[in-house]
Amino acid sequence: GSRFTSDLQLLQQDLHAQPGLGTLLSHQEVREYSRVSFIQRPSVAAHLVMRIGEHYRRRGLLSPHGAHLLHSQCARLLATLKQTECLASTTVPATYTYMLGVLTFMYVFTAPFVLAFNFHWVAPLPSMLIAATFY
């Protein structure tokens, strides 16, 4: 067999969710959900949650205030997801990368002087550990 797990298998055998999507969704819903791009899945899930909430509101099982809260929380979740995707795709400017390198060098260069006060003659050992961590 293949070492890679398909999206369909992940949806059916979700080991981390309590309960997993495989038990909450029908087989047809799992197949349809697995066809959606993983980037679009949160939007699809939020749409389904809002549609279910609207269905219960129309039947009188959910108050209008509860339906509004459900809708606003789904919208807030999607907005947060969008901000996270923007943050993940933004590169660090070269100027900041250079400045970070200089500040790291200054920290590693001055650390032995600070550590000598507490560690005395053993100060080179923690200094080497710090330098090895950063470089």
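Residues numbered from 1 in each chain as written. Predicted model: local features only at pLDDT ≥ 70, side-chain atom pairs only at ≥ 80, totals over all residues. Heavy atoms only, no water.

**A look at the overall build of the chain**
Summing up its helical and strand segments, the chain has seven helices and zero strands in all. In sequence order, the secondary structure elements of the chain are arranged as α-α-α-α-α-α-α. Here the chain holds 135 residues, and 14% of them are scored as buried. Within the chain, contacts between residues separated by at least 24 positions form 31% of all contacts whose residues are at least 6 apart in sequence. Carbon and sulfur atoms form 66% of the exposed surface of the chain, whose accessible area is close to 11300 Å². (Helix = DSSP H or I, 4+ residues; strand = E, 2+ residues; numbered from the N terminus. Buried < 20%, exposed > 50% of the residue type's maximum accessible area, 1.4 Å probe, protein only. Contact = heavy atoms within 4.5 Å. Areas by Shrake-Rupley, 256 points an atom, 1.4 Å probe, with all protein chains shown as cover.)

**Notes on the nonpolar core**
Formed by V108, A111, L115, A123 and I130, the largest nonpolar core amounts to five residues. Residue contributions to this core peak at three residues, all from helix α6 (residues 94–119). Every residue in contact with V108, bar those within four places of it in the chain, is listed here: I130, A131, F134 and Y135. (Core = buried A, V, L, I, M, F, W, Y, C linked by side-chain atoms within 4.5 Å.)

**Focus on a nonpolar patch on the surface**
Together, Y98, V102, F105, M106, Y107, F109, F113, F134 and Y135 line one region of the surface with nonpolar side chains, adding up to about 1100 Å² of accessible area. For the nonpolar patch, the leading source of residues is α6, giving seven residues. Residue placement: F105 occurs in helix α6. (Patch = residues over 30% accessible without salt bridge, like charges linked within 9 Å, V, L, I, M, F, W, Y side chains within 5 Å. Salt bridge = Lys/Arg side-chain N within 4 Å of Asp/Glu carboxyl O.)

**So, α6**
The terminal C-alpha atoms of α6, which comprises 26 residues, lie 37 Å apart, in line with the 38 Å expected from a rise of 1.5 Å per residue. A111 marks where α6 bends most, by close to 35 degrees; the proline P112 follows one to four residues later. Inspection of α6 places T104, V108, A111 and L115 among the buried residues, and these make up the whole buried set. Tucked into the core, α6 has its buried residues touching α7 (124–134). With its phi angle positive at about 55 degrees, H120 sits one or two positions after the end of α6. (Expected span 1.5 Å × (residues − 1). Bend = angle between axes of the 7 residues up to and from the residue.)

**A word on the packing of α6 against α7**
Taken N-terminus to C-terminus, the directions of α6 and α7 make an angle of 160 degrees; their axes are 9 Å apart at the nearest point. Here α6 lies roughly antiparallel to α7, going by the angle between them. Regarding α6 and α7, the two cross each other, and that crossing is right-handed. Facing T104, Y107, V108, A111, P112, L115 and F119 of α6, the residues of α7 in contact are P126, S127, I130, A131 and F134. Classifying every residue of the contact of α6 with α7 gives 10 nonpolar, two polar and no charged. (Axes fitted to C-alpha atoms, helices over the stretch in contact; angles between N-to-C directions. Parallel < 35°, antiparallel > 145°, perpendicular 65-115°, else oblique. Left-handed = near helix turned anticlockwise from the far one by under 90°. Nonpolar A, V, L, I, M, F, W, Y, C, P; charged D, E, K, R; others polar.)

**Describing the confidence of the model for the chain**
In the predicted model, the chain carries a mean pLDDT of 83, and 84% of its residues have values of at least 70. Least confident of the elements in the chain is helix α1 (residues 7–12), whose mean pLDDT is 67; most confident is helix α5 (residues 64–89), at 93. (pLDDT = per-residue confidence, 0-100.)

**Examining the pattern of salt bridges**
Within the structure shown, the criterion is met by two salt bridges. Of the charged contacts, one joins E54 and R57 as a salt bridge, the two residues approaching to 2.4 Å between their closest N and O atoms. On the criterion of helical spacing, the pair formed by E54 and R57 is a turn pair, its members being three residues apart in helix α4 (residues 41–58). Looking at R57, the relative accessible area reads 32%, which means it is partly exposed.

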